[in-house]
Amino acid sequence: MDKNEYVEHEILKITKFWASFALIVGAFIVVALSILDYFITPENFLRFLSYRLICASTMILLLLVFRQSKSNFLQFLIIITAAILISSTIELMILSSGGHQSTYYAGMILIIIFMLGVIPFSFKISIVIVSFIYAIYLLPILFLDDITNVQLFTNNNVFLLTTTTIALMWRFLNQRSLMNELSLQYDLAERKNKLEEYSGNLEGLVVKRTMELSASEQRHRELFENANDG
């Protein structure tokens with residue numbers, strides 16, 4: 001396995017671990033945040049709770065499929081599906097609690113931070129994920145909501161896009177750091193293997209030279225003991 005294959009393999013392994021972790025924790029957080037629904041919009045508490053329970057249950061099912069799957073592509077689709085599922089659930093809450101004026105848009109920010117902060121996606125995949133999330137937030141409001149408070153809606157979008165940009169920059173730098181670290185690990189492992197190989201060869205050479213020296217000493221001793229001259 002060369003260096004590039006090693007780095008890709010290790011990143012994929014780390015991604016799978018943290019994706020599994022994100023699905024578990026994400027399902028718990030989705031339900032736990034229902035406490036805020038009770039205080040922010042008590043009239044929608046039960047309806048939002050049903051949304052959250054359906055979302056969390058589906059995420060648990062996705063987790064089971066994710067752990068059983070051996071296909072990298074299928075696992076990637078599961079992660080994308082989970083991100084779309086949570087974003088769509090929050091969008092339903094947004095449309096039901098003020099639309100473009102709803103404070104639930106902050107949930108989209110939490111999703112972006114959580115997805116990009118926990119799972120070590122590549123920069124390209126990160127862009128795809130945040131694009132899906134932002135589209136899920138923006139498009140239904142543009143087509144289904146009557147935007148009366150343009151200033152607030154613009155402010156929410158600017159804040160959301162700014163957070164997204166910062167998260168993407170962090171993911172890019174973190175990914176480069178991870179790749180450099182794995183590359184260094186590979187180099188150190190290769191040097192260690194070469195050192196062990198050299199040490200083994202040296203030990204074998206010492207044993208061989210010792211045996212030759214012992215045999216030579218034995219021949220000289222026999223010559224000396226069997227010599228006819230005084």
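Throughout this document, residue positions are counted from 1 along each chain, in the order its sequence is written. Totals for whole chains, interfaces and linings use every residue, but because this is a predicted model, local features are given only for residues with pLDDT of at least 70 and side-chain atom pairs only at 80 or more, for both listing and counting. By convention in this description, side-chain values take in all heavy atoms of the structure and omit both hydrogens and water.

Student: So what about the packing of helix 4 (residues 72-96) against helix 5 (residues 106-118)? Which residues, and what values?
Tutor: Fitted lines through C-alpha atoms serve as axes, helices being fitted only where they are in contact, and the angles separating the N-to-C directions of these axes extend from 0 to 180 degrees. Starting at the N terminus, helices and strands are each numbered in turn, a helix being any DSSP run of H or I of at least four residues and a strand any DSSP run of E of at least two. Two numbers describe how helix 4 lies on helix 5: the axes approach to 9 Å, and their chain directions differ by 165°. Classified by the angle between their axes, helix 4 and helix 5 sit roughly antiparallel to one another. Considering the relative orientation of helix 4 and helix 5, their crossing is right-handed. Of the residues in helix 5, those touching helix 4 at Ile79, Ala83, Ile86, Ser87, Ile90, Glu91 and Ile94 are Gly107, Met108, Ile111 and Met115. Here is the rule for angles: anything less than 35 degrees is roughly parallel, anything more than 145 is roughly antiparallel, 65 through 115 is roughly perpendicular, and the remaining ranges are oblique. Crossings are classed by handedness, with left-handed meaning an anticlockwise turn of the near helix from the far one by less than a right angle and right-handed meaning a clockwise turn. Here a residue-residue contact requires only that any non-hydrogen atoms of the pair lie within 4.5 Å.

Student: Tell me about the packing of helix 1 (residues 3-32) against helix 4, and name the residues and values.
Tutor: Their axes nearest at 11 Å, the elements helix 1 and helix 4 cross at an angle of 25°. The pairing of helix 1 with helix 4 is recorded here as roughly parallel in orientation. The chirality of how helix 1 crosses helix 4 is left-handed. Residues Leu12, Lys16, Ala19, Leu23 and Val30 of helix 1 form the contact with helix 4, whose participating residues are Asn72, Gln75, Ile79, Ala82 and Ile86. Along the lines of polarity and charge, the residues of the contact of helix 1 with helix 4 split into seven nonpolar, two polar and one charged. Just so you know the grouping, Ala, Val, Leu, Ile, Met, Phe, Trp, Tyr, Cys and Pro go in nonpolar, Asp, Glu, Lys and Arg go in charged, and all remaining residues, Gly too, go in polar.

Student: Requested: an account of the packing of aromatic side chains, with residues and values cited.
Tutor: To pair, rings of Phe, Tyr and Trp, with the six-membered ring standing in for Trp, must have centres within 6.5 Å; the planes then decide the type, stacked if under 30 degrees apart, edge-to-face if over 60, and tilted in the middle. Enumeration over the complete set of coordinates arrives at nine aromatic pairs. Taking the centre distance of 5.2 Å and the plane angle of 80° together, the rings of Phe17 and Trp18 count as edge-to-face. With centroids separated by 5.4 Å and ring planes inclined at 90°, the aromatic side chains of Tyr38 and Phe39 adopt a geometry described as edge-to-face. Three or more aromatic residues joined by ring pairs make a cluster, and in this case those are Phe17, Trp18 and Phe21.

Student: I'd like to hear about the environment of Phe17, residue by residue, with values.
Tutor: The residue Phe17 is located in helix 1 in this model. Burial classes: relative accessible area under 20% of the type maximum marks a residue as buried, over 50% as exposed, and values in between as partly exposed (1.4 Å probe, protein chains only). Its relative accessible area of 53% is what places Phe17 among the exposed residues. With 102 residues separating them in the primary sequence, Phe17 and Ile119 have C-alpha atoms 8.5 Å apart.

Student: Lay out the nonpolar core with the relevant residues and their values.
Tutor: Among buried residues, the Ala, Val, Leu, Ile, Met, Phe, Trp, Tyr and Cys ones that are joined through side-chain atoms within 4.5 Å form a nonpolar core. Counting residues in each nonpolar core, the largest one holds 45 residues, and the members touching the most others are Ile94, Met108, Met115, Ile119 and Tyr137. Taken together, the elements giving at least two residues each to this core come down to helix 1, helix 3 (45-68), helix 4, helix 5, helix 6 (123-144) and helix 7 (150-225). Take this core: its biggest share by element is nine residues, from helix 4. Contacts of Ile94, omitting those with residues within four sequence positions, involve Gly99, Ser102, Tyr104, Tyr105, Met108, Tyr137 and Ile141. Membership of the second largest hydrophobic core comes to six residues, among which are Tyr6, Ile11, Leu178 and Tyr186.

Student: How would you sum up the confidence of the model for the chain? Please name residues and give values.
Tutor: Predicted confidence across the chain gives a mean pLDDT of 88, with 93% of residues reaching 70 or more. Confidence of the predictor at the level of single residues is captured by pLDDT, which takes values from 0 to 100. Between the elements of the chain, mean pLDDT differs from a low of 82, seen in helix 7, to a high of 95, seen in helix 3.

Student: So, a nonpolar patch on the surface: which residues are in play, and what are the values?
Tutor: Grouping into patches uses exposed residues only, defined as over 30% relative accessible area, and leaves out salt-bridged ones; the cut-off is 9 Å for like charges and 5 Å for nonpolar side chains (Val, Leu, Ile, Met, Phe, Trp, Tyr). Per-residue and other accessible areas follow the Shrake-Rupley method at a 1.4 Å probe size, with only the shown protein chains counted as cover for residues. Salt bridge, as applied in this entry: a Lys or Arg side-chain nitrogen positioned within 4 Å of an Asp or Glu carboxyl oxygen. Together, Ile35, Leu36, Tyr38, Phe39 and Ile40 make up an exposed nonpolar region whose accessible area comes to about 580 Å². Its place among the elements puts Tyr38 in helix 2 (residues 34-40).

Student: Provide a residue-level description of the pattern of salt bridges, including the pertinent values.
Tutor: Summed over all chains, the structure comprises three salt bridges. One salt bridge connects Glu10 with Lys13, and the closest N-O pair in it is separated by 3.5 Å. One end of the pair, Glu10, and the other, Lys13, are both in helix 1, three residues apart, so they sit about a helical turn from each other. Looking at Lys13, the relative accessible area reads 45%, which means it is partly exposed.

Student: Summarise the side chain of Thr164; cite the residues concerned and give the values.
Tutor: Mapped onto the elements of the fold, Thr164 is located in helix 7. Excluding anything up to four places from it in sequence, Thr164 contacts Ile112 and Val130.

Student: So, helix 4: which residues are in play, and what are the values?
Tutor: A helix is expected to span 1.5 Å multiplied by its residue count minus one. If you check helix 4, its first and last C-alpha atoms are 36 Å apart, about what 25 residues at 1.5 Å a residue would give, namely 36 Å. A positive backbone phi angle near 115° is found at Gly98, which sits one or two residues after helix 4.

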